[in-house]
Amino acid sequence: MSVRGPVRLTSWGRTASADCLVARPRWRHEALPVPPPGACLLPYGLGRSYGDVGLVPGGVAIRTDALDHLISFDAERGLVEAEAGVCLDDLLRVVVPRGWFLPVTPGTKRVTLGGALANDVHGKNHHKAGTFGRHVERFELLRSDGSRRDCSATENPELFAATIGGLGLTGLVTRLALRLSRIASTDLIVDTVRFGSVDEFLALTSRDRAHEHAVAWVDALSPRRLGRGVYFFGDHAEDGGLRVHGPARLAAPELPSGLLGRPAAAAFNTLYSLAKRPGRARVHYDPFFYPLDGLEGWNRLYGRRGFRQYQCLLPDPDPTGPLKELLAQASRAARGSFLCVLKRFGGLPSPGLLSFPAAGITACLDFPDDGARGEELFRRLDAVVRDARGRQYAAKDARMPPDAFLSSHPRWHEFVPHADPAFDSAMRRRAGAPRP
Amino acid sequence: MNVAVFGAYSGMAAECARLLAPRGASFLLFGRDPRRLEIVAADLVARGAASARTRAADLADVSAHAALASEAGAMEGGLDLALIAHGRLPDQSACERDPALAAAAFGNDATGAVSLMLALAKPLEARGRGRLVVISSVAGDRGRRSNYVYGAAKAAVSACAEGLRQRLAPAGVSVTLVKPGWVDTAMTEGLPRNALYVPAREAAEAILAAAERGAGTVYVPWWWRPIMAVVRALPEAAMRRLP
């Protein structure tokens, strides 16, 4: 594969960027590019990570989007094998008509299978299905020494565990095999329940045991209404047929920083209307799982300064106090949070060493990038998370300090021997985390 | 539906095949590299193709074309669609330094395509129905400083396809001549990108739509048609000022 550039790659949040060379393999049997002396490699999918976890300044980004071939699809047993650059969007178009769905899906379809693996993504059904990595049967890892390792729970199990959630640092995943979930319908039946406080929210979380998917939106904007929000509980319907989602059509305009109004609300249209009317409704999987995908390039709505997301885990046994403190801090900040999403994580372990989710509550806050003022707030949130012995999620992060990175990845030292010495990322450097 | 693709792992051809696979089409894929052909074939089957066989062959070797065309024509149930998509963008400066390179490039892109078109005309004409789709380029509409060796080959391909269309029309076979502009594929990977580039998938959608309605000559995207009409009409002095 040829190496071109330099090119500037920018993170999804538009707050981090890197000048690097780019290789774009089209055939999975090709050898890795040899980086220039002193430069490192890092796989790059569709660039949906919010910060610098997917960037390698001065190195060679291995763009995987042209490694987009399916390899096999067993429509009877729901097993699909595909190259790592296949996008979830594309995969759904193939498997949904045959009655299958992703066992775990993040909030956007516009990520690659490899990206989902590298971040060990989670979805609204973590309490039932765990992370993406739990449903991966095996994958092939291409290392900088030219070796190809087949990895599974039984073959090269340590490399399997290191690569799931391994942030691309163990090598290039070329192909992987995924177990899918059976669906009878592309519709979901969604129960929407309002709550008026954090205590009410926490009391409602146990209701998720009766549902496949559960997620809550919280109003973190004003201290007076702190903890007020809506909880969505969803299950695939038994009837209603199989309809694949349509293509994204609208392109988001670039608004001046700080102006975030009706266009963004329109993107949430379906869920907003559900939120206004508690009760039961039937919705298609697309607006339920992927409310933002309907607005292509929605990250540009935050304008040129971009935005930052703060996603953390507040672990069991008691996340109540930390959650209240987190929301209080967010609402006191001058600009407030546009979106705050809460979810209860279950205890299903991931095979990944560096996996983010664990039993407790995950909170996801979105802020327009506010420079120093925003950073000051984030440091206060860091303290809340630290005191709660919690974690932050690398896929969303652009700035967590080194001590937070290591406490967010407590098994980092077990991971290091399996990292590929020729692979590195801006985040790993920023965190100063040890490498082989 | 039986589909034969020549240059099967080229960007646009592979995307065309991907669009046809969910309809349960059967494929015969021709190209030089057997491993790449197998990768494309497996992808098509996973996407719903009834079958996808591969035949590795050097498509620049005109002596083999009769056999390849015959194999395509022998697909069970008859050949419904033949897509000729092989071709390479030569290094223009290298061709200018070494005319032998230019001759070889012309041989691959022009001679090869002309021979293949005429070879495929036979089984299609004998069957009395079917579609032939030939991928040429806007570069063939008028010679330009930056790519006239490639343009010359594509001009040959275009003229041949136009004539062939007239010959095959009474036989009930349509010949669709496709003239893409800049498309994002492996062939253009080394070139700097500009706003006129379209993804291979988008080009494939336009190609199939045109083939399905039996269109004659189609520009991909459509707006290249008025652009090339202007380019063809430009006086020489103005042409010299274009890149």
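The following refers to the structure shown. (Residues numbered from 1 in each chain as written. Chains lettered and ligands numbered in written order. Predicted model: local features only at pLDDT ≥ 70, side-chain atom pairs only at ≥ 80, totals over all residues. Heavy atoms only, no water.)

## Remarks on the sheet that holds strand β1 (residues 3-10) of chain A
Residues and elements named next belong to chain A.
Reasoning step 1: Spatially, four strands are ordered β1-β2-β4-β3 in an open sheet, and the strand pairing comes out mixed. A strand with exactly one partner marks an edge of an open sheet, and here the two such strands are β1 and β3 (41-44). Across the sheet, the mean angle from the axis of one strand to that of its neighbour is 40 degrees, orientation sign disregarded.
Reasoning step 2: In this structure, β1 lies alongside strand β2 (residues 17-23), joined through six bridges in antiparallel fashion. For R8, the partnering residue across the bridge sits in β2 and is D19. (Pairing = 2+ DSSP bridges. Helix = DSSP H or I, 4+ residues; strand = E, 2+ residues; numbered from the N terminus. Axes fitted to C-alpha atoms, helices over the stretch in contact; angles between N-to-C directions.)

## Details of helix α3 (residues 65-73) of chain B
Residues and elements named next belong to chain B.
Reasoning step 1: When α3 is considered as a whole, its buried residues turn out to be H65, L68, A69 and A72. Buried positions in α3, seen along its axis, are confined to an arc of 95 degrees and lie on one side of it. Counted as exposed and oriented over 90 degrees from the buried face of α3: A66 and A67.
Reasoning step 2: Contacts from the buried residues of α3 go to β1 (2-6), β2 (26-31), β3 (51-56) and α5 (99-127). (Buried < 20%, exposed > 50% of the residue type's maximum accessible area, 1.4 Å probe, protein only. Arc of directions from axis to C-beta. Contact = heavy atoms within 4.5 Å.)

## As for the interface of chain B and chain A
Reasoning step 1: At the junction of the two partners, chain B supplies 16 residues and chain A supplies 16 residues.
Reasoning step 2: Of the roughly 1,500 Å² buried between chain B and chain A on both sides combined, carbon and sulfur atoms contribute 49%.
Reasoning step 3: Summed over the three residues of chain B that lose the most area to chain A, namely I39(B), R47(B) and E189(B), the buried surface amounts to 39% of that side.
Reasoning step 4: Applying the counting criterion to the chain B and chain A interface returns five salt bridges.
Reasoning step 5: A salt bridge links D68(A) to R18(B), with the shortest nitrogen-to-oxygen separation between them at 3.1 Å.
Reasoning step 6: Elements represented by at least two residues in the side of chain B that touches chain A include exactly α1 (11-20) and α2 (34-46) of chain B.
Reasoning step 7: The element best represented in the side of chain B that touches chain A is α2(B), accounting for seven residues.
Reasoning step 8: When its residues are assigned to classes, the side of chain B that touches chain A shows six nonpolar, two polar and eight charged. (Buried area = accessible area lost by both parts, 1.4 Å probe. Salt bridge = Lys/Arg side-chain N within 4 Å of Asp/Glu carboxyl O. Nonpolar A, V, L, I, M, F, W, Y, C, P; charged D, E, K, R; others polar.)

Taken by themselves, the reported measurements are silent on function.
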